Amino acid sequence: MKYSLNIACQTSALSGLRSFIQQALVGVALNDNEKHQVTLAVEEVCANLIIHSHGCNPQDSIQLEIIDSAEKLIFEISDQGKAFNILNYKSPDLKEVMLEKRKGGLGIILVKKIMDEIEFESENGTNTCRLIKWFRS
């Protein structure tokens with residue numbers, strides 16, 4: 001199965017994104033905890049794009065495709081904003097984050113822990129981040 005959603009680049013669109021993902025995951029071979037985790041990971045990437053790459057500009061949009069195959073789920077997130085290659089992200093020192101009482105900056109760590117594979121490409125002004133979750137038997 002394949003599901004598609006176009007999201008306006010405003011944080012108010014994130015609740016609709018969550019609902020869309022949860023509906024797409026009905027009947028998928030993941031337990032409830034795994035469904036919650038992948039929803040969180042996709043939402044984190046989209047929120048970062050909305051806030052940091054597009055500056056919450058509702059004129060811009062992000063495209064999400066969910067591809068459900070027999071062995072894995074692929075979440076393909078595409079946009080035309082400022083490129084951010086998640087693969088080049090350097091995790092902050094968690095002790096420093098706690099000492100500074102800094103908010104934010106930990107979402108990408110979560111995405112990398114939740115998803116089994118992450119791919120990134122940027123071509124002709126379009127950035128695509130693929131988050132892949134394999135089904136376990």
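Our subject is the structure that appears above.
Rules used in this analysis
The numbering scheme is per chain: residues are counted from 1 as the chain's sequence reads. Given that the model is predicted, a residue must reach a pLDDT of at least 70 before its local features are reported, and side-chain atom pairs must reach 80 or more before they are shown or counted; all residues, however, enter totals for whole chains, interfaces and linings. As a rule here, side-chain values come from all non-hydrogen atoms in the structure, and water together with hydrogens is ignored. Numbering goes from the N terminus for both helices and strands, where a helix is a DSSP run of H or I of at least four residues and a strand is a run of E of at least two. Contact criterion: two residues are considered in contact whenever any of their non-hydrogen atoms come within 4.5 Å of each other. Two strands qualify as a pair provided DSSP detects at least 2 bridges between them. All axes are obtained by fitting lines to C-alpha atoms, using only the stretch in contact for helices, and the reported angles, taken between N-to-C directions, cover 0 to 180 degrees. Within this scheme, the nonpolar core is defined by two criteria: the residues are buried Ala, Val, Leu, Ile, Met, Phe, Trp, Tyr or Cys, and they are joined through side-chain atoms within 4.5 Å. The buried label applies to any residue whose accessible area, calculated with a 1.4 Å probe on protein chains only, is under 20% of its type's maximum; exposed applies above 50%, and partly exposed to all values in between. The working definition used for a salt bridge is a side-chain nitrogen of Lys or Arg within 4 Å of a carboxyl oxygen of Asp or Glu. Pairs of cysteine sulfur atoms within 2.5 Å are identified as disulfides in what follows. Angles are sorted into four bins: roughly parallel if under 35 degrees, roughly antiparallel if over 145, roughly perpendicular if 65 to 115, and oblique for all others. Handedness of a crossing is defined here by the sense of rotation of the near helix relative to the far one, left-handed for an anticlockwise turn of less than a right angle and right-handed for a clockwise turn. Three classes are used: nonpolar for Ala, Val, Leu, Ile, Met, Phe, Trp, Tyr, Cys and Pro, charged for Asp, Glu, Lys and Arg, and polar for all others, with Gly counted as polar.

### Remarks on the environment of Ile51
Mapped onto the elements of the fold, Ile51 is located in helix α2 (residues 32-53). Distance in space between the C-alpha atoms of Ile51 and Gln10 is 7.7 Å, their sequence separation being 41 residues. If we skip the residues at most four places from it in the chain, Ile51 touches Thr11 and Cys56.

### Remarks on the sheet that holds strand β1 (residues 2-8)
Spatially, the five strands line up as an open sheet ordered β1-β2-β3-β5-β4, and their pairing is antiparallel. Two strands in the sheet have a free side with no partner beyond their single neighbour: β1 and β4 (117-123). Taken pair by pair, the neighbouring strands of this sheet meet at an average axis angle of 15°, ignoring direction. The pairing of strand β2 (residues 61-68) with strand β3 (residues 72-79) spans seven bridges and is antiparallel. What sits directly across from Ile66, in β3, is Phe75. Packing against the sheet, α2 makes contact with β1, β2, β3 and β5 (126-134), and its axis sits at approximately 10° to β3.

### A word on unusual backbone geometry
Among all residues except glycine, the phi angle is most often negative; among peptide bonds, the trans geometry is most common. Here Cys56, not a glycine, exhibits a phi torsion of approximately 55°, which is positive. Take Cys56: it is sitting in the loop between α2 and β2. Within the chain, Asn124 stands out as a residue other than glycine whose phi angle is a positive 50°. In this fold, Asn124 is placed in the loop between β4 and β5.

### Remarks on the nonpolar core
By size, the foremost hydrophobic cluster in this structure holds 32 residues, and its most contacted members are Ile21, Leu64, Phe75, Ile77, Met115 and Leu131. Breaking this core down by element, the ones donating at least two residues are α1 (14-24), α2, β2, β3, α4 (107-114), β4 and β5. Here this core takes eight residues from α2, the largest share from any one element. When neighbours within four sequence positions are excluded, Ile77 is seen to be in contact with Val42, Val45, Cys46, Leu49, Ile62, Gln63, Leu64, Asn127, Thr128, Cys129 and Leu131.

### Observations concerning the pattern of salt bridges
Applying the stated rule across the entire model yields six salt bridges. In this structure, Lys2 and Glu65 form a salt bridge, with 3.4 Å as the shortest nitrogen-oxygen distance. Here Lys2 is found in strand β1, whereas its partner Glu65 is found in strand β2, with 63 residues between them in sequence. With relative accessibility at 56%, the residue Lys2 sits in the exposed group. The salt bridge partner of Glu121 is Arg130, with a shortest N-O separation of 3.5 Å.

### Looking at the state of the cysteines
Taken as a whole, this structure holds zero disulfides when the rule is applied. There is no disulfide at Cys129, and the cysteine sulfur nearest it, in Cys46, is 8.8 Å away.

### Some details on the packing of α2 against α4
Relative to each other, α2 and α4 sit at 140°, their axes nearing to 9 Å. With respect to their mutual orientation, α2 and α4 come out oblique. For the pair α2 and α4, the crossing hand works out as left-handed. Residues Gln37, Val38, Leu40, Ala41, Glu44, Val45 and Asn48 of α2 touch α4, and the partners they reach there are Gly107, Ile108, Leu110, Val111 and Ile114. Counted by class, the contact of α2 with α4 contains eight nonpolar, three polar and one charged residues.

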